[in-house]
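Structural description and commentary
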Amino acid sequence: MNMPPKPTEWHVGIVGYGEVGRILAEDLRAQGVSVSACDLKLGTPEEAALIAHAARHRVGLTDSHAGLARSADLVISSVTASQTVIVARACAPGVQAHAFFLDMNSASPGAKCEAAACIDRAGSRYVEGAVMTSVPPYRSGVPLLLGGPHAAALLAPLKTLGFAPSVADTRLGIASATKMCRSVMIKGLEAMVIESLTAARHYGVEDAVLASLQETFPGIDWEAQASYFFQRVVQHGRRRSEEMYEVAKTVREAGLDPFSAWGTAERQAWMADLADAGVFGERADPRFGRFGHWSQAADRILAHRPLLTKEPA
């Protein structure tokens, strides 16, 4: 199989048909690009939403990673961090020599290098991708750092497809390290805001805490930011916790104890446990996690402390 000359004539295979995968599929299909997708939820009771979305946007679905890769000119891996290497291994038997494998997962440099080795051994072209901010506001135009020896070759085609890439380095791991070190701050801030304001809500001092934060950091609308942080963590805490465990690995690979990263991973996982227990409502509800104000989420957390709060070791 030869690579079509125009990127818009490529067939794109997306592994992971969650929030990010669906957004990418929508934007690619809007340009007329042929898209197929694969997700572990296919064949489970959770597949209905995937099938409905795929039907609306004319996206082909398959439960075979290798089969997806076999027909793709560009494979985009967009799964949870723990699945990064697993997906690369599963796709490797089907990847084509001419094709690109774009790994957009939030994984450590070590995991990216391991995934790259799987694709390289299969004779295809692995490109590391690091998504540098939240996808929904930017959609496929989210800032994306590319890395590895094939990054420059994929730069122009991705731009044609509506992405916003830049090349970080020809060495693997540099783009991922940039993303991981940023996440120490960003995901850590989410965890700190949730912990700080939920505790403040318990003591009735949230207004004073927010006023102090506003005075110290006047450039941030802390009320709005807190509501956004609570929403994203309620909706995606599991994915965020997996990313932060990868961040902890990244920090440890640098020879540092990942005190902050590990604590953030634990808080994000704790929030995911609460969400799975139904504390914030039903996940099937389209409004799940969309509280009008952060205090509504905090109140639900506080109401369930006897059952779900872990005691410190």
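Not measured: the values here are computed from a predicted model.

Some details on the sheet that holds strand β7 (residues 143-147)
Across the sheet, 8 strands lie side by side as β3-β2-β1-β4-β5-β6-β7-β8; this open sheet has mixed pairing. The sheet is open, and its two edges are formed by β3 (60-62) and β8 (164-169), each paired on a single side. Across the sheet, the mean angle from the axis of one strand to that of its neighbour is 25 degrees, orientation sign disregarded. Looking at chain direction, strand β1 (residues 11-15) and strand β4 (residues 74-77) are connected through 4 bridges and run parallel. Residue pairing in the sheet places V12 in a bridge with L74 of β4. Contacts between helix α1 (residues 19-30) and the sheet are confined to β1, β2 (34-38) and β4, with β1 contributing the most and set at about 165 degrees to the helix. Contacts from helix α4 (residues 84-91) reach β1, β4 and β5 (100-103) within the one sheet, and its direction differs from that of β5 by about 165 degrees.

Re the side chain of S295
Note on placement: S295 falls in helix α12 (residues 294-303). Engagement of the side chain of S295 in a polar contact is seen with the side chain of H293, the distance being 2.7 Å.

Quick word on the pairing of β4
Every second residue of β4 is oriented toward a common face, with L74 and I76 on one face and V75 and S77 on the other, all of them buried. For β4 and β5, the ladder comprises 4 bridges, and the chain directions are parallel. In the sheet register, S77 faces β5, and the bridge partner there is D103.

Overview of the nonpolar core
In terms of nonpolar packing, the biggest core is built from 32 residues, with L74 and L102 touching the most fellow members. No other element matches α1, which puts 5 residues into this core. The contact partners of L102, leaving out residues within four places of it in the chain, are L74, V75, I76, S77, V127, E128, G129, L144, L146, L154 and L158. By size, the runner-up hydrophobic cluster in this structure holds 22 residues, among which are V193, F229, W270 and F288.

Points about the pattern of salt bridges
Following the criterion strictly, the structure yields 17 salt bridges and no others. Two residues, E26 and R139, come together in a salt bridge whose shortest N-O distance is 2.7 Å. Residue E26 is found in helix α1, and its partner R139 is found in the loop between α6 (135-138) and β7; the two are separated by 113 residues along the sequence. Given a relative accessible area of 28%, R139 falls into the partly exposed group. The salt bridge partner of D27 is R139, with a shortest N-O separation of 2.9 Å. With D27 in helix α1 and R139 in the loop between α6 and β7, this residue pair connects regions lying 112 residues apart in the sequence. Among the charged side chains, a network of salt bridges with common partners joins R238, D273, D276 and R283.

What about helix α11 (residues 259-276)?
In a regular helix each residue adds 1.5 Å, so 18 residues correspond to 26 Å; α11 covers 26 Å between its end C-alpha atoms and thus fits that length. For α11, every residue scored as buried is listed here: A261, T264, A265, Q268, A269, W270, M271, A272, L274 and A275. After α11 finishes, the residue G278 shows a positive phi value of roughly 85 degrees.

Some points on the pairing of β1
Counting buried positions over the 5 residues of β1 gives 5, a clear majority of the element. Judged by which residues are buried, β1 turns out to be covered on both faces: H11, G13 and V15 on one side and V12 and I14 on the other are all buried. Judged from the 5 bridges that link them, β1 and β2 form a sheet pairing that is parallel. Residue pairing in the sheet places H11 in a bridge with S34 of β2. Handedness of the crossover joining β1 and β2 through α1: right-handed.

Quick notes on the rules
For every chain, the first residue of the written sequence is number 1, and numbering continues from 1 along that sequence. Only residues with pLDDT of 70 or above have their local features reported here, since the model is predicted, and side-chain atom pairs are shown and tallied only from 80 upward, although totals for entire chains, interfaces and linings are computed over all residues. Hydrogens and waters are ignored; side-chain quantities use all the structure's heavy atoms. Note on pairing: two strands pair once DSSP finds at least 2 bridges between them. Secondary structure counts use DSSP, requiring at least four H or I residues in a row for a helix and at least two E residues in a row for a strand, with both numbered from the N terminus. In this description, a line fitted to the C-alpha atoms serves as the axis of each element, helices being fitted only across the stretch in contact, and the angle between N-to-C directions of two axes falls anywhere from 0 to 180 degrees. Contact between two residues is taken to exist if any of their heavy atoms lie within 4.5 Å; hydrogens are not considered. Polar contact criterion, stated in full: a pair of N or O atoms within 3.5 Å, where within protein one must be able to donate a hydrogen and the other to accept it, and residues adjacent in sequence count only if both atoms are side-chain atoms. Partly exposed residues are those whose accessible area sits between 20% and 50% of the maximum for their type, while under 20% is buried and over 50% is exposed, using a 1.4 Å probe and protein chains only. In this text, buried Ala, Val, Leu, Ile, Met, Phe, Trp, Tyr and Cys residues form a nonpolar core when linked through side-chain atoms within 4.5 Å. The salt bridge criterion pairs a side-chain nitrogen of Lys or Arg with a carboxyl oxygen of Asp or Glu, the two atoms within 4 Å. Each residue after the first adds 1.5 Å to the expected span of a helix. Orient the strands so they point away from the viewer, and a crossover whose first-strand-to-second-strand path over the helix runs clockwise is right-handed.

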